[in-house]
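This is what each chain is made of:
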Amino acid sequence: MALTLIKQAGDGSLAPPPVAPCAGGGTIYAGLAKRFWPRVRKDEADGCWIWQGSRTAMGYGRFTYRGKGIRAHRAAWMLANGREFPSGLICCHRCDNPPCVNPSHLFLGDHLTNSRDCCAKGRARAPLGEQNGQSKLAESQVREALLSKEFHGTVARRLGVSMYCIYSIRRGLTWRHVFDAVRAGRRS
Ligand SMILES: [Zn+2]
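Residues numbered from 1 in each chain as written. Predicted model: local features only at pLDDT ≥ 70, side-chain atom pairs only at ≥ 80, totals over all residues.

I'm lost on the pairing of strand S2 (residues 40-43) in this one. Help?
Every regular strand shows the same layout, with side chains that alternate between the two sheet faces. Inspection of the sheet shows S2 paired to strand S3 (residues 49-51) by three bridges, in the antiparallel sense. Residue pairing for S3: valine 40 is matched across the bridge by tryptophan 51. Where S2 folds back on S3, the antiparallel hairpin that results is connected by five residues, among which glycine 47 adopts a positive phi of roughly 80 degrees. (Pairing = 2+ DSSP bridges. Helix = DSSP H or I, 4+ residues; strand = E, 2+ residues; numbered from the N terminus.)

Explain unusual backbone geometry here, please?
Keep in mind that most residues, glycine aside, have a negative phi and that most peptide bonds are trans. At arginine 66, a residue that is not glycine, the phi angle is positive and equals roughly 50 degrees. For arginine 66, the position within the fold is in the loop between strand S4 (62-65) and strand S5 (68-71).

Sorry if this is basic, but what is going on with helix H5 (residues 152-159) here?
It helps to recall that an α-helix has 3.6 residues per turn; residues three or four apart then point in one direction. Looking at H5, one finds that the buried residues are His152, Val155, Ala156 and Leu159. Taken end-on, H5 shows its buried residues confined to a sector of 100 degrees, consistent with a single buried face. Of the residues flanking the end of H5, it is glycine 160, one or two places downstream, whose phi is positive at about 75 degrees. (Buried ≥ 20, exposed ≤ 12 C-beta atoms within 10 Å, placed from the backbone. Arc of directions from axis to C-beta.)

What exactly am I supposed to notice about the confidence of the model for the protein here?
Predicted coordinates in areas of low pLDDT are best not read in detail. The pLDDT averaged across the protein works out to 76; a share of 72% of its residues lies at or above 70. The least confident element of the protein is strand S1 (residues 3-5), whose mean pLDDT is 43; the most confident is S3, at 95. Segment residues 1-15 is flagged for pLDDT under 50; beyond a separation of four residues in sequence, or across chains, it makes 25 contacts in the model. Low confidence marks residues 118-127, where pLDDT is under 50. Its contacts with residues over four positions away, or in another chain, come to 29 contacts. (pLDDT = per-residue confidence, 0-100. Contact = placed C-beta atoms within 7 Å.)

Before we go on, may I ask you to explain the nonpolar core in this structure?
Among soluble globular proteins, nonpolar side chains are generally buried collectively. Ala72, Ala75, Ala76, Leu79 and Val101 are the most contacted members of the largest nonpolar core, which totals 21 residues. Mapped by element, the contributors of at least two residues to this core are helix H1 (26-36), S3 and helix H2 (72-81). With six residues, H2 is the largest single contributor of residues to this core. Core analysis: the second largest hydrophobic core is formed by 17 residues, Val142, Val155, Ala156 and Cys165 among them. (Core = buried A, V, L, I, M, F, W, Y, C linked by C-beta atoms within 7 Å.)

So what exactly am I meant to see when it comes to the environment of lysine 136 here?
Relative to the helices and strands, lysine 136 is located in the loop between helix H3 (111-117) and helix H4 (139-147). The sequence separation of lysine 136 and glycine 160 amounts to 24 residues, and the corresponding C-alpha distance is 8.5 Å.

See below:
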């Protein structure tokens with residue numbers, strides 16, 4: 001796939017999205033943009049803008065903002081919107097591509113959005129696993145995800161769900177009954 005460096009506005013054809021003026025925060029965002037966009041490459045095949053800096057274990061870009069580590073796609077959202085990331089919300093990918101920082105591929109969501117996005121929650125009171133109509137996975141696939149030693153992303157791609165979905169399954173946040181059964185099976 002062809003990768004093109006996204007250049008700073010004024011010195012190339014691919015300018016970053018305009019940074020909206022922000023009361024009191026203009027200088028901060030200008031400085032942020034200067035550090036941020038040179039570390040992004042545009043993937044022309046799918047329109048994703050791929051973070052070239054370091055990444056988390058989940059594949060999300062890592063960026064430092066005000067001395068704190070934040071996910072790069074959150075920084076991209078702040079640059080595109082000219083304001084701080086709203087607390088209590090999460091930054092979701094339409095493209096399901098964790099290192100992507102293209103603001104047009106990002107949307108605000110809550111944890112409910114994320115659970116709808118991937119797989120059924122196997123929590124108390126919610127219908128379990130496959131009986132939950134929102135579930136995209138069969139129990140055998142969840143088992144496969146739990147037993148496999150592959151990366152989250154590899155399994156996610158094969159099963160057609162998001163990496164967050166596989167992560168949640170492996171942490172026992174969803175499909176808890178299968179998680180417990182597999183763990184019990186390992187011990188015996
Ligand atoms: Zn994308």
